[in-house]
Amino acid sequence: MEGVAGKVAIVTGGSSGIGVGVARKFVRAGVKVVLADIVDEPGERLASELGENCRYVHADLRSNEDVEQLVAATVREFGGIDFLINSACTYADRGEAATREEWLDAYNVNVFGHVVLLQLARPHLARSENASVVNFTTEAAHAGLAGRWVYPSSKAAIEQLTKSQALDLANEGIRVNSVLPGWIRKPMHDTAPAEVKQEYAKWGDKLHMLGRLGTLDEVADTVLFLCSSHASFTTGSCMVVDGGHSAMGPQGREKVLPTALRKAASVPPGTK
Ligand SMILES: NC(=O)c1ccc[n+]([C@@H]2O[C@H](COP(=O)([O-])OP(=O)(O)OC[C@H]3O[C@@H](n4cnc5c(N)ncnc54)[C@H](O)[C@@H]3O)[C@@H](O)[C@H]2O)c1
């Protein structure tokens, strides 16, 4: 992809899941990547595996000081910042039982931490000739989800923020988009007990038009596209990478109308 080689990206949540997929893809494309996370060992291991174009920085998004240090370390190591990939999140969500402290903690990671990161990185992004911010949302931000109040609403906030940030940063040449993945297969699915694997496979089949879970690579390809110069006219958008999940109605892939009724309904009135 054009416009990415030699650029510098911060990937939050870089120790796990989609963050790992993005880091691998970006380094392969010639991007210098700083992984930021609070779970250090896998992030440090990934950085050493990916070599001289990757670093790991411990940064808790709930701490302004940590985020300041993350920005400073990135600029010190690689000379600037072109891309923010805001993959970190907490899924912690006790729904109707969640306390004020739990709400604040989740929003601190999923929303506020990424806002502060953008505020602090903004002067560096503004100096880039191809600056791009990628946030992550979910289909659950668009519909009621039984037992979950905190995570989906924090993602709805991210979708709105993506648009306001895109608008306010457009005149500095900073593009801001979000990516909406379907259910994505992560390495933990491979090591999970058989019944958990079966459960994921079942939902992968049921929830997606394509009848399977998505891959880290498929999400990372979209993130790379959004950072490339091929997406130079794309900002404020939500790019869906969900195997058709959000375009499917409640009946899923089932043809619910009984066959006899379907036949009758397809005969125009007055004909035999
Ligand atoms: N995986 C999916 O199927 C899926 C589907 C829809 C949307 N998403 C979105 O994609 C993004 C990545 O999801 P994932 O499943 O790969 O996540 P994940 O849980 O695998 O990784 C999230 C990472 O964020 C880190 N993190 C948590 N709190 C942090 C903090 N305070 N400071 C810094 N890092 C912190 C965690 O340690 C973890 O490494 C999320 O924003 C999620 O909402 C994922």
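Above this note sits the structure.
What you are looking at is a predicted structure, and each value in this text was computed from that prediction instead of being measured.

What is the right way to look at the overall build of the chain in this model?
Counting secondary structure elements, the chain contains nine helices and seven strands. Rg of the C-alpha trace for the chain: 21 Å, near the compact-globule value of 19 Å for 272 residues, within the 12% margin. A buried classification covers 47% of the 272 residues belonging to the chain. Long-range contacts, defined here as pairs at least 24 residues apart, represent 71% of the contacts in the chain between residues at least 6 apart. Summed over its atoms, the accessible surface of the chain is roughly 13900 Å², and 55% of this surface lies on carbon and sulfur atoms. In the chain, which carries 28 positive and 32 negative side-chain charges, the distance between the mean positions of the two groups comes to 9 Å.

Would you mind going over the site of the ligand with me for this structure?
With respect to spatial proximity, 27 residues lie near the ligand, and among them S16, D37, Y91, Y151 and K186 are the closest. Interatomic distance of 2.7 Å between a backbone N/O atom of I18 and an oxygen atom of the ligand. A distance of 2.6 Å is found between an oxygen atom of the ligand and a side-chain nitrogen or oxygen belonging to Y151. Here the ligand loses 90% of its free accessible area of 830 Å² to cover by the protein chains. At the level of secondary structure, the elements contributing two or more residues to the shell around the ligand comprise α1 (17-28) and α5 (150-169). Grouping the amino acids of the shell around the ligand by side-chain chemistry returns 14 nonpolar, eight polar and five charged.

Teacher, can you tell me more about the sheet that holds strand β6 (residues 174-181) here?
With parallel pairing, seven strands are arranged side by side in an open sheet as β3-β2-β1-β4-β5-β6-β7. Looking at the sheet topology across the chains shown, the edges are occupied by β3 (54-58) and β7 (238-241). Taken pair by pair, the neighbouring strands of this sheet meet at an average axis angle of 20°, ignoring direction. Bridging between strand β1 (residues 8-12) and strand β4 (residues 83-86) involves four bridges; their strand directions are parallel. Across the sheet, V11 pairs through a bridge with I85, a residue of β4. Taken strand by strand, α1 contacts β1, β2 (32-37), β3, β4, β5 (131-136) and β6, and its axis lies near 165° from that of β2. Taken strand by strand, helix α4 (residues 100-127) contacts β1, β4, β5 and β6, and its axis lies near 165° from that of β4.

I keep staring at the packing of α1 against helix α2 (residues 40-50) and nothing clicks. Help me out?
When two helices pack together, their arrangement is given by the angle between the helix axes and the distance between those axes. For the pair α1 and α2, the least separation of the axes is 11 Å and the interaxial angle reads 15°. Taken as axis vectors, α1 and α2 run roughly parallel relative to one another. Where α1 crosses over α2, the two elements pack in a sense that is right-handed. Contacts from V20, A23, R24 and V27 in α1 reach L46, E49 and L50 in α2. Residues of the contact of α1 with α2, tallied by class, amount to five nonpolar, no polar and two charged.

What am I meant to see in the pattern of salt bridges here?
Here the structure, examined in full by the defined rule, presents 15 salt bridges. The residue K7 makes a salt bridge to E129 at a minimum N-O spacing of 3.3 Å. Taken together, the positions of K7 in the segment before β1 and E129 in the loop between α4 and β5 put the pair 122 residues apart, joining distant regions of the chain. K7 sits in the buried class, given a relative accessible area of 11%. Assessed through its relative accessible area of 72%, E129 is described here as exposed.

Just to check I follow, could you spell out the nonpolar core for this structure?
Grouped burial of nonpolar side chains is what soluble globular proteins tend to show. Counting residues in each nonpolar core, the largest one holds 31 residues, and the members touching the most others are F26, V33, L35, I85 and V223. Of all the secondary structure elements, the ones that give two or more residues to this core are β1, α1, β2, α2, β3, β4, β5 and α8 (216-227). When residues in this core are grouped by element, the largest group, seven residues, is from α8. Core analysis: the second largest hydrophobic core is formed by 27 residues, F78, L84, L118 and I174 among them.

Thresholds, definitions, all that
- Residues numbered from 1 in each chain as written.
- Predicted model: local features only at pLDDT ≥ 70, side-chain atom pairs only at ≥ 80, totals over all residues.
- Heavy atoms only, no water.
- Helix = DSSP H or I, 4+ residues; strand = E, 2+ residues; numbered from the N terminus.
- Rg over C-alpha atoms; globule rule 2.2 N^0.38 Å.
- Buried < 20%, exposed > 50% of the residue type's maximum accessible area, 1.4 Å probe, protein only.
- Contact = heavy atoms within 4.5 Å.
- Areas by Shrake-Rupley, 256 points an atom, 1.4 Å probe, with all protein chains shown as cover.
- Lys, Arg positive; Asp, Glu negative; His and termini not counted.
- Charge placed at Lys NZ, Arg CZ, Asp CG, Glu CD.
- Near = heavy atom within 4 Å.
- Polar contact = N/O pair within 3.5 Å; in protein donor to acceptor, adjacent residues only side chain to side chain.
- Nonpolar A, V, L, I, M, F, W, Y, C, P; charged D, E, K, R; others polar.
- Pairing = 2+ DSSP bridges.
- Axes fitted to C-alpha atoms, helices over the stretch in contact; angles between N-to-C directions.
- Parallel < 35°, antiparallel > 145°, perpendicular 65-115°, else oblique.
- Left-handed = near helix turned anticlockwise from the far one by under 90°.
- Salt bridge = Lys/Arg side-chain N within 4 Å of Asp/Glu carboxyl O.
- Core = buried A, V, L, I, M, F, W, Y, C linked by side-chain atoms within 4.5 Å.

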